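What the coordinates show
Chain by chain, the residues:
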Amino acid sequence: MKVYMDNGATTRVTEPVMEAMRPYFCEIYGNPSSVHGFGRESRRAVEAARAQVAQALGAEPGEIYFTGCGTESDNWALRGVAYANRDKGRHIITTGFEHHAVLHTCAQLEKEGFEVTYLPVDADGLVSPEQLAAAIRPDTVLVSIMYANNEIGTVQPIADLAAVAKEKGVLFHTDAVQAVGHVPIDVKAQNIDLLSLSGHKFHAPKGVGALYIRRGVKIQRLMQGGAQERTQRPGTENLAGIVGLGRAIELATADIPAHQAKVGAIRDHIIRRIMDEIPYTKLNGHPTKRTCGNVNVSFRFIEGESLLLHLDIKGIAASSGSACTSGSLDPSHVLLAIGLPHEIAHGSLRLSLSDENTMEEADYVVDNLVEIVARLREMSPLYDDFLKGVETEGSCESCHLH
């Protein structure tokens, strides 16, 4: 059996999305900026997709700008707002467990003279609105807090956090790459000023994303070029990708409660079995305030990389962290941020589900996990010492491992 449970890294393009895109490769191929009929037909497709994205987010079509990915959207939101508002202040607030698209952008801004406050998160990965309020200063120009964490799935109280920023007169951005299609989003009701998303997380193709910018937000464009995206994001539009993004977000947000119920049931089944059948295991992330398809667990006494290799041999695709850090041997910064010791963070596994996964696949994965973890622990000198009653580094009571 082959089982794909790495949807947090990317999803496959589904048949309805592919069918929507197909004509825009070979049949309707005009440049959307051209004034002739070929171009006008392409332009209509781009604007239809813009309306689909806006509808999914509770935004206006004129507030949606297409980008190449979530990383570009994050960069534009942070750098664009920082540069455009530096006359007001040079202080930015984010958290220590954001995606690297935000963290590395903030690090670059610090080199350019901006000051960044990194809010802590609790053991479940939640940000406190009270801590945010205390961190805001007169020179704060932007708060950027991710909607749902890409590794542990914790969903933030975005409306509460954004309300704090609004009360203080500060712009609020959220990286919602892992949230779109999994939780209901209404940017107006939730007081969100900027929101990043990426199509390949909800069955659109790779290489297309969007940034919501509330009307009236002062932001600087990052690139120079043509007049595409109302002069704000130059470059010939990825026509087929944009059409796919529009169709995919329409499908992903059509019935989120049904999606949450279906995928959440499989997630909960996996978590229950893992926690019941594999000792010395910790569930990472909030037990209930998490995306419906996220399972992140740490197994003591083993290495996550070895676990992934053994799962791959069994035809199971998973990850030990975010896709952008899967090639690194460093422990996940997200798991360290929630207080896990290095030794336990190294033994983490992320399973990320979609509507296409089944209970049969879930049982196949857990059955193999039980065997693989037991086999790897048999080879672990740390586990052998533990069984002999020797206290090993990292085996602290505060980790609440059972």
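1. Describing the sheet that holds strand β9 (residues 281–283)
Taken together, the three strands give an open sheet; going across it, the order is β9-β10-β12, and neighbouring strands pair in antiparallel fashion. The open sheet has two edge strands, β9 and β12 (348–352), and neither has a second partner. Across the sheet, the axes of successive neighbouring strands diverge by a mean angle of 25°, strand direction being ignored. Pairing geometry for strand β10 (residues 294–299) and β12, over five bridges, is antiparallel.

2. Topic: the sheet that holds strand β6 (residues 171–175)
Taken together, the seven strands give an open sheet; going across it, the order is β2-β8-β7-β6-β5-β3-β4, and neighbouring strands pair in mixed fashion. Strand pairing shows two members of the sheet lacking a second neighbour, β2 (64–67) and β4 (115–119), which therefore form its edges. Strand-to-strand twist across the sheet, computed as the mean angle between neighbouring axes with direction ignored, equals 20°. In the packing of helix α5 (residues 100–111) onto the sheet, the strands contacted are β3 (91–95), β4, β5 (140–144) and β6, and the crossing angle to β4 comes to about 145°.

3. Structural notes on the nonpolar core
Counting residues in each nonpolar core, the largest one holds 64 residues, and the members touching the most others are Leu57, Ile185 and Leu197. In terms of residues, this core owes the most to one element, helix α8 (residues 239–252), which gives eight residues. The contacts of Leu197, once residues within four sequence positions are left out, are Val53, Leu57, Cys69, Gly70, Ser73, Val177, Val180, Phe202, Gly209, Ala210, Leu245 and Ile249. Residues Ile302, Leu351, Leu353 and Val365 belong to the second largest nonpolar core, which totals 29 residues.

4. Considerations on the confidence of the model for the protein chain
Residues at a pLDDT of 70 or more form 95% of the protein chain, whose mean pLDDT is 94. Within the model, pLDDT remains below 50 along residues 392–400, and this stretch shows 15 contacts once partners closer than five positions in the same chain are excluded.

5. Considerations on the pairing of β12
Counted residue by residue, β12 has five buried out of five residues, so it is predominantly covered. Residues Ser348, Arg350 and Ser352 line one face of β12 and the alternating positions Leu349 and Leu351 line the opposite face, and both faces are buried.

6. Regarding the pairing of β2
With burial as the criterion, each face of β2 is covered, one bearing Ile64 and Phe66 and the other bearing Tyr65 and Thr67. Direction of pairing for β2 relative to strand β8 (residues 209–213): antiparallel, over a ladder of four bridges. Bridge assignment links Phe66 to a residue of β8, and that residue is Ala210.

7. A word on helix α10 (residues 304–313)
Within the span of α10, buried status applies to Gly304, Leu307, Leu308 and Leu311. Taken around the axis of α10, the buried residues stretch over an arc of 100°, which confines them to a single face. The exposed residues of α10 that point more than 90 degrees off its buried face are Leu309 and Ile313. Structurally, α10 contributes buried residues whose contacts are with β10, β11 (316–317), β12 and α13 (359–378). Note on α10: the residue one or two positions beyond its end, Gly315, has a positive phi of about 85°.

8. Section: the packing of helix α4 (residues 70–84) against α5
Viewed as axis vectors pointing N to C, α4 and α5 meet at an angle of 30°, and their least axial separation amounts to 9 Å. The orientation of α4 with respect to α5, classified from their angle, is roughly parallel. For the crossing formed where α4 meets α5, the hand is right-handed. Between α4, through Thr71, Asp74, Asn75, Leu78, Arg79, Ala82 and Tyr83, and α5, the contact on the second element is made entirely by Ala101, Val102, Thr105, Cys106, Gln108 and Leu109. Broken down by class, the residue content of the contact of α4 with α5 amounts to seven nonpolar, four polar and two charged.

9. Examining the packing of α10 against α13
Remark: α10 packs on α13, axes separated minimally by 10 Å, with the N-to-C direction vectors making an angle of 135°. By the angle between their axes, α10 is oblique relative to α13. Remark: the crossing between α10 and α13 carries right-handed chirality. Listed contacts from α13 to Ser306, Leu307, His310 and Leu311 of α10 are Leu369, Ile372, Val373, Arg375 and Leu376. Tallied by class, the residues present in the contact of α10 with α13 amount to six nonpolar, two polar and one charged.

10. Quick word on the packing of aromatic side chains
Each aromatic ring pair is specified by the distance between its two centres and by the angle formed by the two planes. Under the defined criterion, the tally for this structure stands at eight aromatic pairs. Between Tyr29 and Phe38 the ring centres are 5.9 Å apart and the planes differ by 35°, which places this aromatic pair in the tilted class. Measuring from centroid to centroid gives 6.3 Å for Tyr83 and Phe114, while their planes differ by 50°, and the two rings are tilted. Highlighted residues: Tyr83 in helix α4 and Phe114 in the loop between α5 and β4, separated in sequence by 31 residues. Judged by its relative accessible area of 13%, Tyr83 falls in the buried class. The exposure class of Phe114 is buried, given its relative accessible area of 4%. Members of the aromatic cluster, each reached through a chain of ring pairs, are Tyr280, Phe301, Tyr383 and Phe386. We note Arg90 situated over the ring of Phe114; from NZ or CZ to the ring centre the distance is 4.9 Å.

11. Description of the side chain of His200
Note on placement: His200 falls in the loop between β7 (194–198) and β8. Its relative accessible area of 17% is what places His200 among the buried residues. Side-chain polar atoms of His200 contact the side chain of Thr10, separated by 2.8 Å.

12. Structural notes on the side chain of Arg350
Structurally, Arg350 can be placed in strand β12. At a separation of 2.5 Å, a polar atom in the side chain of Arg350 contacts the main-chain carbonyl oxygen of Asn150.

What counts and what doesn't
Residues numbered from 1 in each chain as written. Predicted model: local features only at pLDDT ≥ 70, side-chain atom pairs only at ≥ 80, totals over all residues. Heavy atoms only, no water. Pairing = 2+ DSSP bridges. Helix = DSSP H or I, 4+ residues; strand = E, 2+ residues; numbered from the N terminus. Axes fitted to C-alpha atoms, helices over the stretch in contact; angles between N-to-C directions. Contact = heavy atoms within 4.5 Å. Core = buried A, V, L, I, M, F, W, Y, C linked by side-chain atoms within 4.5 Å. Buried < 20%, exposed > 50% of the residue type's maximum accessible area, 1.4 Å probe, protein only. pLDDT = per-residue confidence, 0-100. Arc of directions from axis to C-beta. Parallel < 35°, antiparallel > 145°, perpendicular 65-115°, else oblique. Left-handed = near helix turned anticlockwise from the far one by under 90°. Nonpolar A, V, L, I, M, F, W, Y, C, P; charged D, E, K, R; others polar. Phe/Tyr/Trp six-rings, centres within 6.5 Å; stacked < 30°, edge-to-face > 60°. Lys NZ or Arg CZ within 6 Å of the ring centre and 35° of its normal. Polar contact = N/O pair within 3.5 Å; in protein donor to acceptor, adjacent residues only side chain to side chain.

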